[in-house]
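# Analysis of the macromolecular model
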Amino acid sequence: MTGATLIRILLALPVLMLAVACTEDGAPPARAETTGANRTAPSGSGFDFYVLALSWSPAYCLVEGDRANRQQCAEDRDLGFVVHGLWPQYETGYPEFCPSREPDRVPSSLGRDYLDIVPTMGLIGHQWRKHGSCSGLSQADYLKTLRAARERVSIPAAFALETLPAEIDALEAEDAFIAANPGMKRDTIAVRCERGYLREIRICMTPSLDYRACPEVDRAGCKIKNLTVPEPD
């Protein structure tokens, strides 16, 4: 074999390798992609999916009355939707108060960074003990995931405090969230109502925070028309 022939063979090798890598129609093979909505959120384990519960704070304050948290319901708070919790779920039922190596109490040095989305340290601590302890995550990673889940969801313009409707049908509330959040579907979301108030929006997500169907949660959702949407005090 002459030196010139050897050079021609070496120059042709990259082209031959690309041809082998291509599919039959000449296109390069697709790369595997991570489908998680938030690729930096820690992934939990030991459950099937999450429910992100967004509570309409004025309804909570009215329904709970004297039992409501005074800090959350203070006159100067003017809160709309707040994170009630991020709940690990099974296809049927859910775990709660799971054994964990983490302490029951969430230190304020950690929890205070989340008071912009969860209104009180008491609620943060309760959510960790009842639900976060079942996520397979540390306190810090559970709260990171909780924030990532909240950031995954856009609140519809209909629920802006300056354009708030006095009443809304449960299905209309679902439609507003679906329209504001591409990929969300009817069987992904459920409304909770109580005493004629819109109390909560519950959104189902995979452990990697993609929207997903959740038949049991969806069936339990409220379908009532003309739900009152109370304004913040």
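Structure: above.
Below is a summary of the structure that appears in this document. (Residues numbered from 1 in each chain as written. Predicted model: local features only at pLDDT ≥ 70, side-chain atom pairs only at ≥ 80, totals over all residues. Heavy atoms only, no water.)

### A look at the overall build of the chain
Put simply, the test is: In DSSP terms, a helix is any run of H or I states spanning at least four residues, a strand is any run of E spanning at least two, and both are numbered starting from the N terminus. Burial here depends on accessible area, computed with a 1.4 Å probe over protein chains only, as a share of the maximum for the residue type. Under 20% is buried, over 50% is exposed, and the range in between is partly exposed. Only heavy atoms enter the contact rule, under which two residues are in contact if any of them lie within 4.5 Å.
Counting its regular elements, the chain contains seven helices and six strands. Walking the chain from its N terminus toward its C terminus, one meets helices and strands in the order α-β-α-β-α-α-α-β-α-β-β-α-β. In the chain, buried positions account for 42% of the 233 residues. Long-range pairs, those at least 24 residues apart, make up 75% of the contacts in the chain between residues at least 6 apart in sequence.

### What to know about the pattern of salt bridges
Close approach of charged atoms allows side chains with opposite charge to pair. Under the convention used in this document: Salt-bridge detection follows one rule: a side-chain nitrogen of Lys or Arg within 4 Å of a carboxyl oxygen of Asp or Glu.
All chains considered together, the criterion is met by 13 salt bridges. Between Lys130 and Glu96 there is a salt bridge whose closest N-O contact spans 3.8 Å. Of this pair, Lys130 sits in helix α4 (residues 121–130) while Glu96 sits in the loop between β2 (81–89) and α3 (108–111); the two residues are 34 residues apart in sequence, bridging distant segments of the chain. Its salt-bridge partner being Arg202, residue Glu200 comes within 2.7 Å of it at the nearest N-O pair. Judged by its relative accessible area of 23%, Arg202 is partly exposed. Salt bridges here are not isolated pairs; linked through shared partners, they connect Glu64, Arg67, Arg192, Glu194 and Arg199.

### Digging into the side chain of Ser55
Mapping Ser55 onto the fold places it in strand β1 (residues 49–56). For Ser55, a relative accessible area of 6% puts it in the buried group.

### Regarding the nonpolar core
Rules: In these notes, a set of buried Ala, Val, Leu, Ile, Met, Phe, Trp, Tyr and Cys residues joined through side-chain atoms within 4.5 Å is what counts as a nonpolar core.
Core analysis: the biggest nonpolar cluster contains 43 residues, and Leu54, Phe159, Phe177, Leu198 and Ile203 have the highest contact counts within it. Counting only elements with at least two residues in this core, the list comes to β1, β2, α4, α5 (139–152), α6 (170–180), β4 (189–194) and β5 (197–205). The dominant element in this core, judged by the number of residues it contributes, is α5, at five residues. When residues no more than four places from it in sequence are discounted, the contact partners of Phe177 are Leu54, Phe81, Val153, Ser154, Ile155, Pro156, Phe159, Met184, Ile189, Ile201 and Ile203. Counting residues in each nonpolar core, the second largest holds eight residues, with Trp87, Cys204, Cys214 and Val217 among its members.

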